[in-house]
Amino acid sequence: MAKQFDVVVIGAGPGGYIAAIRAAQLGMSVACIDDWSTAAGKPAPGGTCTNVGCIPSKALLQSSENYEQVNHHFAEHGIEVKGVSLKLDTLIGRKDSVVKQNNEGILYLFKKNKITFFHGKGSFVAQVDGGWSIKVDGATPDDLVAKHVIVATGSKPRALPGLPFDETKILSNDGALRIPTVPKKLGVIGAGVVGLELGSVWRRLGADVTVLEAMPDFLAVADQQVAKEALKVLTKQGMKIVTGVKIGTVKSTAKSVTVPYTDAAGTEQSLVVDALIVSIGRIPHTDGLGVDVVSLKLDERGFVVVDADCKTNLSNVWAIGDVVRGPMLAHKAEEEGVAVAERIAGQHGHVNFATIPSVIYTSPEIAWVGRNEQQLKAAGVNFKVGTFPFMANGRARALGDTTGFVKIMADAKTDEVLGVHIIGPMASELISEAVTIMEFRGASEDIARICHAHPTLSETVKEAALAVDQRTRNM
Ligand code: FAD
Ligand code: NAI
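Each value, and the rule that gives it
Residues numbered from 1 in each chain as written. Chains lettered and ligands numbered in written order. Predicted model: local features only at pLDDT ≥ 70, side-chain atom pairs only at ≥ 80, totals over all residues. Heavy atoms only, no water. Helix = DSSP H or I, 4+ residues; strand = E, 2+ residues; numbered from the N terminus. Rg over C-alpha atoms; globule rule 2.2 N^0.38 Å. Buried < 20%, exposed > 50% of the residue type's maximum accessible area, 1.4 Å probe, protein only. Contact = heavy atoms within 4.5 Å. Areas by Shrake-Rupley, 256 points an atom, 1.4 Å probe, with all protein chains shown as cover. Lys, Arg positive; Asp, Glu negative; His and termini not counted. Charge placed at Lys NZ, Arg CZ, Asp CG, Glu CD. Near = heavy atom within 4 Å. Polar contact = N/O pair within 3.5 Å; in protein donor to acceptor, adjacent residues only side chain to side chain.

A. Molecular detail of the overall build of the protein chain. Each helix and strand in the protein chain was counted, giving 14 helices and 23 strands. For 475 residues, the compact-globule formula gives about 23 Å, and the C-alpha radius of gyration of the protein chain, at 24 Å, lands near that figure. Expressed as lengths along the three principal axes of its C-alpha atoms, the size of the protein chain is roughly 70 × 60 × 45 Å. Split into buried and exposed, the 475 residues of the protein chain put 51% on the buried side. Long-range pairs, those at least 24 residues apart, make up 61% of the contacts in the protein chain with a sequence separation of at least 6. Accessible area of the protein chain: about 22,100 Å², with a carbon and sulfur share of 53%. Side-chain charges of the protein chain comprise 49 positive and 51 negative groups, with the mean position of each set lying 2 Å from the other.

Here it is, written out as C-alpha cells:
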C-alpha cells in the first residue's frame, strides 16, 4: 500500500528541506525524498549547498584565508611564525567534516519535525485519487501518494560543449572542492561567483590562477564601481583575470590542459594549466523526475515553469529553488520553500525578489541588494549617491582590513533606499542592515539616524547613508 502524505518534497537542498520543515510546522504530514549519497552510500541531505556548494566552499575559503593571513599578514601584527606548512589532506578533511555535520543536522531536523525521509530518487508516476503517485527508487523502494508535491530538485553545473567534467583535470565545483594537490597552474573559465571564490581558495594555497571570462566587463552583474575595485584588488592579490575572451577547443591530457582562446584584441592565445575549473553557470536538474510522464511543463532552458506563487502547470504541484526562474541562491530557495508551504496551508506566503541579497565571498567580500548604478541610470531614475571608504573606519583600521567602500543609492525625491553595494570586510554580514531597511522601504535618513555601535564596520554603512545627504563626519 502506498504511503499517504499531505506534502511530498522531492529534493532536500536548502529549498526542499526548509519547505518540508515549514510544512511540518504548519501541521501537515510531510515526506522528503533526496538521492544525494556520501562516498559510503549513506544519505547526505542538504543538496548542492551543503555537499558541493555554499558550505564546503566557505570552509575552504576560511582555511585558505587563515593560510594567507599567517603567511602574509601576521608579521604586521608583530607575530612571527616560522616553518608554516600546508597539510592539504587535513584542510580538505576539515571541509568534509563540516559538510558531514550539516548532513547530520538536517537528518536530525527531519526527525525532530516528524518528517519522513526517503533516500533515493523520487519520480512522478501518475495523477491518482487523492493526489500524485510518487515512486522512490533507492536501497528501499517505496510508493507514496501526495496531496501536494514540491519539486526542489536544484541544479547542476554547465559543461563546455564537448568537454565533459572528469573531476580530475576538468573540474566542476565538485572536483574543484577536492583537488588532491595544489596545482602549480590552475585555469578557470568564467569569472562568476564560483570562479572567483574557488579561484581565490587555490590562489591562496599557492596556485598560479588565470581566469578567462567571455564578457567584456568584469562582474557585469555587480555595480561597476564595485566591480572595478574588485578587479583591482583581486589582480593585486595575484589572480590573473582576462575578460572578453572566446574559448576555443580545449585539449586535456593526463599531464595538462590546453585552453586556446581569442583575447579581446582578437589575438590567438593559449593557456596551459594543470587543471581547469569550468564555472560558466548552472542548469536546472530534472533528470529522472518523470517530467514527461505527467507532462510537467519546462521552459526552453529546462527550468520548471512556475507562476509568481511557484505553482506549476499541474494542480497541487509546486516548484522552488534553482530548478525554477530567479537567482540560483540558497536563501532564495529557502524563502520560496517557506512561502509555498504557507500557501499550501492556506496562508499568504510571500517572497520579495527586490530584496534578495547577493554575496561573493572573496577577500574583500562583495555584497549588494537592490539596483546598481547602471540599472538605475538605464531606468531613468533620479537618485542620490553616498559612499564611504573602509579606510576611514576605525574598526577596519584596527582589523588591518581597509579595502573597499559602502555605496548607498537613494531616490532623489523620497530618499527611499534603492540599492546598497559593499566591497570590504564582512560585507556579507553588513548587507543585512541594508536588506532590512529596504524590506521596510526605509530611507537613507533612517540608516543615518540609527545608532550604530562604535567601533564597528557597520559605522561605514551609517557614514555612507550620511554621505547621501553630504554630511558624513569622519572624512
Ligand atoms: P539543491 O541544493 O541543488 O538541492 C537539490 C537536491 O535534490 C539535491 O540533493 C539533489 O540530489 C536532489 N534531487 C534532484 N533530483 C532528485 C530526484 N528526482 N529525487 C530525489 N532527489 C533529487 N548560494 C548561496 O546562497 N550562497 C552561497 O554561498 C553559495 N555558494 C555556492 C557555492 C558553489 C560552489 C555552488 C555550486 C553553489 C553555491 N550557491 C550558493 C548556490 C546554492 O548552492 C544553490 O542556489 C542552492 O543549493 C539551491 O538549492 P535547491 O534546494 O534549489 O537545490
Ligand atoms: P555565474 O553565472 O556566476 O558565472 C558564470 C560566468 O561565466 C559569467 O561571468 C559568464 O559570463 C561566464 N561565461 C559563461 N560562458 C562562458 C564561456 N563559454 N567562456 C568564458 N566565460 C563564460 O555562474 P557560476 O560561477 O558557475 O555559479 C553558478 C551559480 O551558483 C550562480 O548563479 C550563483 O548564483 C551560484 N553561486 C552562488 C554563490 C554565492 O552566493 N556566494 C557562490 C557560488 C555559486
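B. Seen up close, the site of ligand 1. Neighbouring residues of ligand 1: 38 residues in total, closest Asp34, Asp35, Thr48, Lys58 and Gly122. At a separation of 2.9 Å, an oxygen atom of ligand 1 approaches a polar backbone atom of Gly15. With respect to ligand 1, the backbone of Met328 contributes an N or O atom lying 3.2 Å from an oxygen atom. Out of a free accessible area of 1,000 Å², ligand 1 has 94% covered by protein chains. Residue assignment for the shell around ligand 1 shows that the elements contributing at least two residues are helix H1 (14-25), strand E2 (30-34), helix H2 (47-52), helix H3 (54-72), strand E4 (121-128) and helix H9 (330-344).

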